[in-house]
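A closer look at the structure
Each chain is listed here by its residues.
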Amino acid sequence: MSVSTAASAQTICAQLPVLGRDVTVPLVTGGEVTYAALDYAASAPALQRVWDDVAAYAPYYGSVHRGAGYLSQLSTDLFENARKTVTEFLDCREDDQLIFTRSTTDSLNLLAAALPADCQVFVFETEHHASLLPWLHPIAAAPRAARVSYLDAPRTPRQAVETLEKALAARDPQGPALVCVTGASNVTGELWPVRELAAAAHAHGARIVLDAAQLAPHHPVSVRDLDVDWVAFSGHKLYAPFGSGVLAGRADWLRAADPYLAGGGASRKVTRREDGGVDVEWHESAARHEAGSPNVIGAYSIASACKALTEAGFDTLVAREQHLIEKVRQGLAEVPEVRVLSLFGDDAPRVGVISFVVEGWNSSHFAAALSAEYGIGVRDGLFCAHPLVRTLLGSDPQTQGECGAPEAAPGEKSLNAIRVSFGAGTPDEHVERFVNAVRELVADGAKWSYRTEDGRCVPAV
């Protein structure tokens, strides 16, 4: 590591320390070790600053909106200021709406419920289930599912744009259309050509929503610069694991749709009719889709994380993360039995998310050994992106019946992979320990025996 890179690492770790950095965990082989959290893509640890901000506010927590008491007014100001902070973080347009939700999944289901009648949705098969499935699922607010066109996995960014352009050119130009695309893959970490896909969508009269769950923690996301119509992300991947998410973007479809949830907060006026029923006038602001008592702490924690990342500077964050990515990729490349999964190839830009398989190992078994024998937390499976992972692993035989092997139908292969992911707060020592552990497990095998329990590979007692 160069002197400048080492200084950058120390600066980022000092500016953005995370909770759990000193937690020790037991090893099945005896003793304890500092836990290496390398599962950021599932849920990133909370920034220390986010935790401190939430703890400082907690004694002043109160119900937001319409409360006359001091704590209610303070909480309302904090909630609405959080909305403003996140709006600025995303560089939204002046007339955009920002709605606080529970997660990326919740955000995209909300947008699915707000689609105009007869809307056609275009989505690549490579998407996370959060952006792959909501368009098929009718709910009370949108009783008819959209017409969905699933596009084949592209093998280059250019092919992604060409595939979308071809599909959009063949659609009915009179009806509304929406394109849903990820910013960074939760499986390969590869960056998608969002700006070019947005241009293609708009050229064919369609709108586009960006799933930024894996992009926002690693790169700046500008709604204006990318020219997307909506963006969705989750707090728990942005170092703010307090059960909140965001949907931000154009207001017209959201204002025209029935509320995502019906209840207090979404309603402006409710009156009884002479026939015994009720008439409801709904808000047109973000409150229309924020029924119930808002998650003030969740919203505040996202705003706190947005401020922390902005102040640290994404240029520094990206440079630091690229250093870690290269360290992991170079280490894995030195192990012939390891194959890193990729759609766009080795040279594709990516965030700190890397998935791979190891020849001769079931991925669940390998991940269990990393945890039990080395204190390293990674993830194994299909990562809620089953079509993508199955495409990437389609030609790889996997041993059926091995510890933790997922169940497969007769004649099918048992498929799963290992994912390592990291970001702000990840020290070099964690990725170095991971690379060394991979080398040792491949060369020497596991030191412990394992068994399958409830579909998971666990150390045998």
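Scroll up a little and you will see the structure.
First, a word on scope: everything that follows refers to the structure included in this document.

1. Here we look at the nonpolar core
In this structure, V86, L90, L164, L210, V221, F233 and V246 are the most contacted members of the largest nonpolar core, which totals 86 residues. Here the element with the most residues in this core is helix α10 (residues 296-312); it accounts for 10 residues.

2. A closer look at the environment of A68
By secondary structure assignment, the location of A68 is in the loop between α2 (48-57) and α3 (70-89). A sequence separation of 27 residues divides A68 from D95, and the C-alpha atoms of the two residues are 29 Å apart.

3. Topic: the sheet that holds strand β16 (residues 379-381)
Either a parallel or an antiparallel arrangement is found when strands of a sheet pair, and the pairing is made through backbone hydrogen bonds. The strand order across the open sheet formed by 4 strands is β13-β14-β17-β16, and the pairing between neighbours is antiparallel. Looking at strand neighbours, the two that pair on one side only are β13 (338-340) and β16, the edges of this open sheet. Across the sheet, the mean angle from the axis of one strand to that of its neighbour is 30 degrees, orientation sign disregarded. Here β16 pairs with strand β17 (residues 417-421) via 3 bridges, running antiparallel. Each bridged residue has a counterpart across the sheet, and for G381 the counterpart in β17 is A417. The strands touched by helix α11 (residues 314-333) are β13, β14 (353-358) and β17; relative to β14, the strand with the most contacts, the crossing angle is about 10 degrees.

4. Some thoughts on the layout of surface pockets
Put simply, the second largest pocket is a space of about 270 Å³. Mapped by element, the contributors of at least two residues to the lining of the second largest pocket are β4 (97-101) and α4 (104-113). Residue contributions to the lining of the second largest pocket peak at 3 residues, all from β4. When the residues that make up the lining of the second largest pocket are grouped by side-chain class, the tally is 9 nonpolar, 6 polar and 3 charged.

5. Looking at unusual backbone geometry
Across residues other than glycine, the phi torsion is negative in most instances, and most of the peptide bonds are trans. The phi dihedral of F383 is positive, around 60 degrees, even though this residue is not glycine. Summarising the element assignment, F383 is placed in the loop between β16 and α13 (386-393). With relative accessibility at 8%, the residue F383 sits in the buried group. Here the phi dihedral of C384 falls at roughly 55 degrees; this positive angle occurs in a residue that is not glycine. Locating C384 in the fold gives a position in the loop between β16 and α13.

Parameters at a glance
- Going along each chain's sequence as written, the residues are numbered from 1 onward.
- A pLDDT threshold of at least 70 governs which residues receive local features in this predicted model, and a stricter bar of 80 or more applies before side-chain atom pairs are shown or counted, although totals over entire chains, interfaces and linings include all residues.
- Neither water nor hydrogens contribute to the side-chain values; these are computed over all heavy atoms in the structure.
- Take the buried residues of types Ala, Val, Leu, Ile, Met, Phe, Trp, Tyr and Cys, join any two whose side-chain atoms come within 4.5 Å, and each joined set is a nonpolar core.
- Each residue gets one of three labels from its accessible area relative to the maximum for its type: buried under 20%, exposed over 50%, partly exposed in between, using a 1.4 Å probe on protein chains only.
- Comment: elements are numbered from the N terminus, with helices defined as DSSP H or I runs of at least four residues and strands as E runs of at least two.
- The pairing criterion for strands is at least two bridges between them, as found by DSSP.
- Orientation is described by axes fitted as lines to C-alpha atoms, over the contacting stretch for helices, and by angles from 0 to 180 degrees between their N-to-C directions.
- Two residues qualify as a contact provided that any one of their heavy atoms is within 4.5 Å of a heavy atom in the partner residue.
- Only protein atoms enter the 1 Å grid used here. Points where a 1.4 Å probe fits but cannot escape make up a cavity, open sets with protein on both sides within 12 Å along at least five of seven lines make up a pocket, and a residue lines them when an atom lies within 4 Å of a point.
- Grid points are joined across faces, edges and corners, and a volume is the space filled by probe spheres set on the points.
- Basically, the charged four are Asp, Glu, Lys and Arg, the nonpolar ten are Ala, Val, Leu, Ile, Met, Phe, Trp, Tyr, Cys and Pro, and anything else, Gly included, counts as polar.

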